[in-house]
Amino acid sequence: MPTMGMAEIDSSSFDGVLTCSKEVVVMEGDMEDHGTLCAEEDLVASALAATITSQVIVEELRRLGLCSNIEGDVEYVPYESELQMSDIKRLITKDLSEPYSIYTYRYFIHNWPQLCFLAMVDKDCVGAIVCKLDMHKKIHRGYIAMLAVDSRYRRKGIGTYLVKKAIYAMMDDDCDEVVLETEITNQSAQKLYENLGFVRDKRLFQYYLNGVDALRLKLWLR
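What counts, and where the lines are drawn
- Residues numbered from 1 in each chain as written.
- Predicted model: local features only at pLDDT ≥ 70, side-chain atom pairs only at ≥ 80, totals over all residues.
- Heavy atoms only, no water.
- Phe/Tyr/Trp six-rings, centres within 6.5 Å; stacked < 30°, edge-to-face > 60°.
- Buried < 20%, exposed > 50% of the residue type's maximum accessible area, 1.4 Å probe, protein only.
- Helix = DSSP H or I, 4+ residues; strand = E, 2+ residues; numbered from the N terminus.
- Arc of directions from axis to C-beta.
- Contact = heavy atoms within 4.5 Å.

Draft legend 1. Looking closely at the packing of aromatic side chains. Across all of its chains, the model carries 6 aromatic pairs by this definition. On the numbers, 5.5 Å between centres and 80° between planes, the contact of Tyr107 with Trp112 is edge-to-face. Look at Tyr107 and you get partly exposed, because its relative accessible area is 40%. Between the aromatic rings of Tyr207 and Tyr208, the centroid separation amounts to 5.1 Å while the plane-to-plane angle is 90°, which identifies the pairing as edge-to-face. Grouping aromatic residues by their ring pairs yields a cluster made of Tyr107, Phe108 and Trp112.

Draft legend 2. Just helix α3 (residues 85-93), in detail. Those residues of α3 that fall on the buried side of the exposure criterion are Met85, Ile88, Leu91 and Ile92. The buried residues of α3 occupy one face: seen down the axis, they fall within an arc of 140°. Looking at the buried positions of α3, the neighbouring elements they touch are α4 (102-111), β5 (116-121), β6 (124-136) and β7 (139-149).

Below you can see the structure in the form of structure tokens.
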């Protein structure tokens, strides 16, 4: 029985983050009634399906605002080599409560390089996000470990754009949920994440070395 499959993106708004799922539409024909497709027809059908699928994906990325890696004067680039490590460490060390060693950065970035993105203005790194994705109680859980934006470039949407890039990359790896911790006193970070659909999951008392409590925020993708 001949079949033709076409993948398409089914999207819905989730408070600023779009969730996408791939759905395969299969059309079945009765061999006796319709006959067997010849090899040439199979090739044409496959090419048409691939073209339509590509167009749908491009349109979806454009709607997400992630089709281009350039937004205004800021270029968003993936992590590529150890040469970028010093820029990431310099930027994040300015703002984070925890004094991470170089081994902590390497643990995240070397294991999940596809979940690390940088925001560049000319050759200056002005923003960075570092994440991981692994199994947690039989589900794929994404974790935003570090996010920082240079103080000169805040309130320009760079942090939001970096988080969206990371979440979309996690979704591409079948992520089920995303979690993170932020200081309970960091109102701007809480607002950023809550605007993207994260909810408050748990309060962690004296979580940081400076004695400040943390809020664990969670975003469900499925």
